[in-house]
Amino acid sequence: MATIKSLNKWANAHTYYPLDVVRVALGVFLFMKGIDFMSNQVQMAEVFKPFENLPGGMFLLHYVVPAHFVGGFLIVVGLLTRWAVLAQLPILIGAVLVNFLGEMNSSNLLLASIVLALCVFFLFYGSGKHSMDYYLKMQK
């Protein structure tokens, strides 16, 4: 717990508006990806083709869209950012693995790798000073 508090103090002292813009852009991207998966179910089924024989494959299909919707929104407003990013990590690791288990698509691999790297960054950095987490913390 002390480690998280020290990371929050460091993040709040070293916050910058460009990092907040990146956080919001990441959240909007994840939210839009959830809408894309929901509206194009054929594409989603094609993406999950390598995982269809694994146990829990149906759970994955029902986990991705809500996790992107809720997680993307929470990341945009900066509320429970670390938890929202933590929920995205299995999906993004799976997105990187899909390129190795299924058909290799270098642009999808690059996009998934960048989003994964950003999520790992915000897992440690947190939501920053310009977020709902900071606002609610200051209300106490």
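Everything that follows concerns the structure shown earlier in this document.
Residues numbered from 1 in each chain as written. Predicted model: local features only at pLDDT ≥ 70, side-chain atom pairs only at ≥ 80, totals over all residues. Heavy atoms only, no water.

A. Structural detail: the packing of aromatic side chains. Inspection of every chain in the model, using the stated rule, returns 4 aromatic pairs. An aromatic cluster is built from Phe 121, Phe 122 and Tyr 125, whose rings are joined through pairwise contacts. Across from the ring centre of Phe 37, 5.4 Å away, lies the NZ or CZ of Lys 33, which sits over that ring. (Phe/Tyr/Trp six-rings, centres within 6.5 Å; stacked < 30°, edge-to-face > 60°. Lys NZ or Arg CZ within 6 Å of the ring centre and 35° of its normal.)

B. A look at the packing of helix α5 (residues 81-101) against helix α6 (residues 106-125). Running from amino to carboxyl end, α5 crosses α6 at an angle of 155 degrees, the nearest separation of the two axes being 9 Å. Regarding the angle of α5 to α6, the classification is roughly antiparallel. Between α5 and α6 the crossing geometry is left-handed. Along its contact with α5, which presents Arg 82, Val 85, Leu 86, Gln 88, Leu 89, Leu 92, Ile 93, Ala 95, Val 96, Asn 99 and Phe 100, the element α6 presents Asn 108, Leu 109, Ala 112, Ser 113, Val 115, Leu 116, Cys 119, Val 120, Phe 122, Leu 123, Phe 124 and Tyr 125. Looking at the contact of α5 with α6 residue by residue, the classes come out as 18 nonpolar, 4 polar and 1 charged. (Axes fitted to C-alpha atoms, helices over the stretch in contact; angles between N-to-C directions. Helix = DSSP H or I, 4+ residues; strand = E, 2+ residues; numbered from the N terminus. Parallel < 35°, antiparallel > 145°, perpendicular 65-115°, else oblique. Left-handed = near helix turned anticlockwise from the far one by under 90°. Contact = heavy atoms within 4.5 Å. Nonpolar A, V, L, I, M, F, W, Y, C, P; charged D, E, K, R; others polar.)

C. Geometry of the pattern of salt bridges. One pass over the structure, following the stated rule, counts 2 salt bridges. A salt bridge links Asp 20 to Arg 23; its shortest N-O distance comes to 3.3 Å. With a gap of 3 residues between them, Asp 20 and Arg 23 both fall in helix α2 (residues 17-39), about one helical turn apart. As far as burial versus exposure is concerned, Asp 20 and Arg 23 are alike and both buried. (Salt bridge = Lys/Arg side-chain N within 4 Å of Asp/Glu carboxyl O. Buried < 20%, exposed > 50% of the residue type's maximum accessible area, 1.4 Å probe, protein only.)

D. Layout of the nonpolar core. Counting 16 residues, the largest nonpolar core has Leu 26, Val 115 and Cys 119 as its most contacted members. Put simply, the parts of the chain that give this core at least two residues each are α2, α4 (57-77), α5 and α6. When residues in this core are grouped by element, the largest group, 7 residues, is from α6. Residues within four places of Cys 119 in sequence aside, it is in contact with Leu 26, Val 85, Gln 88, Leu 89 and Leu 92. The next biggest cluster of nonpolar side chains, apart from the first, holds 7 residues, and it includes Met 44, Phe 48, Ala 67 and Ile 91. (Core = buried A, V, L, I, M, F, W, Y, C linked by side-chain atoms within 4.5 Å.)

E. Geometry of the packing of α2 against α6. Contact geometry for α2 and α6: axes closest at 11 Å, N-to-C directions at 125 degrees. It follows from the interaxial angle that α2 and α6 lie oblique. Relative to α6, α2 is oriented so that their crossing is left-handed. Contacts between α2 and α6 involve Leu 19, Val 22, Arg 23, Leu 26, Phe 29 and Leu 30 from the first element and Leu 111, Val 115, Leu 118, Cys 119, Phe 121, Phe 122 and Tyr 125 from the second. By residue class, the composition of the contact of α2 with α6 is 12 nonpolar, no polar and 1 charged.

F. Up close: a nonpolar patch on the surface. A cluster of nonpolar residues, Val 28, Phe 31, Met 32, Ile 35 and Phe 73, forms a patch on the protein surface that exposes about 430 Å² of accessible area. In terms of residues, the nonpolar patch owes the most to one element, α2, which gives 4 residues. On the accessibility criterion, Val 28 (41% relative accessible area) is partly exposed. (Patch = residues over 30% accessible without salt bridge, like charges linked within 9 Å, V, L, I, M, F, W, Y side chains within 5 Å. Areas by Shrake-Rupley, 256 points an atom, 1.4 Å probe, with all protein chains shown as cover.)

The quantities given are spatial measurements derived from coordinates; they are silent on function.
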